[in-house]
Amino acid sequence: MNKKQFGLLAGTVAALMLMGAGCNSSTPNNLNAQEKGEEKNTTAEQNQNLGTNATIAKPPVAKTVVPTPAPAPVSTPAKETIKEFTITAKDWQFAPNNITVKKGDKVRLTITSTDVTHSFMLKDYNLNVMLEPGQTQTVEFVADKAGTFNFRCGVPCGEGHRDMTGTLTVE
Ligand SMILES: [Cu+2]
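Residues numbered from 1 in each chain as written. Predicted model: local features only at pLDDT ≥ 70, side-chain atom pairs only at ≥ 80, totals over all residues.

Turning our eyes to something else, we now look at the sheet that holds strand β1 (residues 82-90). An order of β2-β1-β4-β7 is seen for the 4 strands of this open sheet, with the pairing classed as mixed. If you trace the sheet from one side to the other, it starts and ends with β2 (93-95) and β7 (136-142), each paired once. Direction aside, the axes of adjacent strands within the sheet are offset by 25 degrees on average. Looking at chain direction, β1 and strand β4 (residues 106-113) are connected through 8 bridges and run parallel. What sits directly across from I87, in β4, is I111. (Pairing = 2+ DSSP bridges. Helix = DSSP H or I, 4+ residues; strand = E, 2+ residues; numbered from the N terminus. Axes fitted to C-alpha atoms, helices over the stretch in contact; angles between N-to-C directions.)

Written out as structure tokens, the structure is:
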């Protein structure tokens, strides 16, 4: 893309230079800057362009700007897959407690604790979301790391706290 843009720019500049002396150029400012040495031509062109400067001045600006939005197609996101899971946290368990997604998926977890305060802690993705009883939390992240990662409750919630774990598999 950048090479193309550079090529376009180089081509434009070359074209401008070729137009040179006698041509009734539509890019007075650039030409004047480049041809400061050639006093006669510059003056002639300025005179020719004076009347239409306002309208003519715009095209060169547009030409310069056009390459900038060109990367847009590149940044257009590929079809985004959102993997949604609804998880219940209670009795020192996450249900379901095994989640499998594809690398690159956007993952949305909707998690609700139905008993006491827990949390959803997935250290490898820097997540630790408090789950207040009865309040649904939505957790979103992009599964950009492949592997098997453990998640667990991060809030001391009772005798089964240590067993309150699950697994995220990103394949
Ligand atoms: Cu806990």
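That was the structure; now back to the text.
Turning our attention to unusual backbone geometry. Following A95, the chain continues into P96 via a peptide bond in cis, with omega recorded as 0 degrees. Position of P96 among the secondary structure elements: in the loop between β2 and β3 (98-101). The backbone of W92 shows a phi angle near 60 degrees, a positive value even though the residue is not glycine. Structurally, W92 is set in the loop between β1 and β2. Residue classification places W92 among the partly exposed residues on the basis of 18 C-beta atoms within 10 Å. Phi is positive for N126, close to 55 degrees, though the residue is something other than glycine. (Buried ≥ 20, exposed ≤ 12 C-beta atoms within 10 Å, placed from the backbone.)

With that out of the way, let us pick up the environment of N126. Secondary-structure assignment places N126 in the loop between β5 (118-122) and β6 (127-131). The sequence separation of N126 and F141 amounts to 15 residues, and the corresponding C-alpha distance is 9.7 Å.

Take the environment of I111 next. In this structure, I111 sits in strand β4. Considering only alpha carbons, one finds I111 and A95, 16 residues apart in sequence, at a separation of 9.4 Å. Those residues within four positions of I111 in sequence are excluded, and the remaining contacts are I87, A89, F120, L131, Q137 and V139. (Contact = placed C-beta atoms within 7 Å.)

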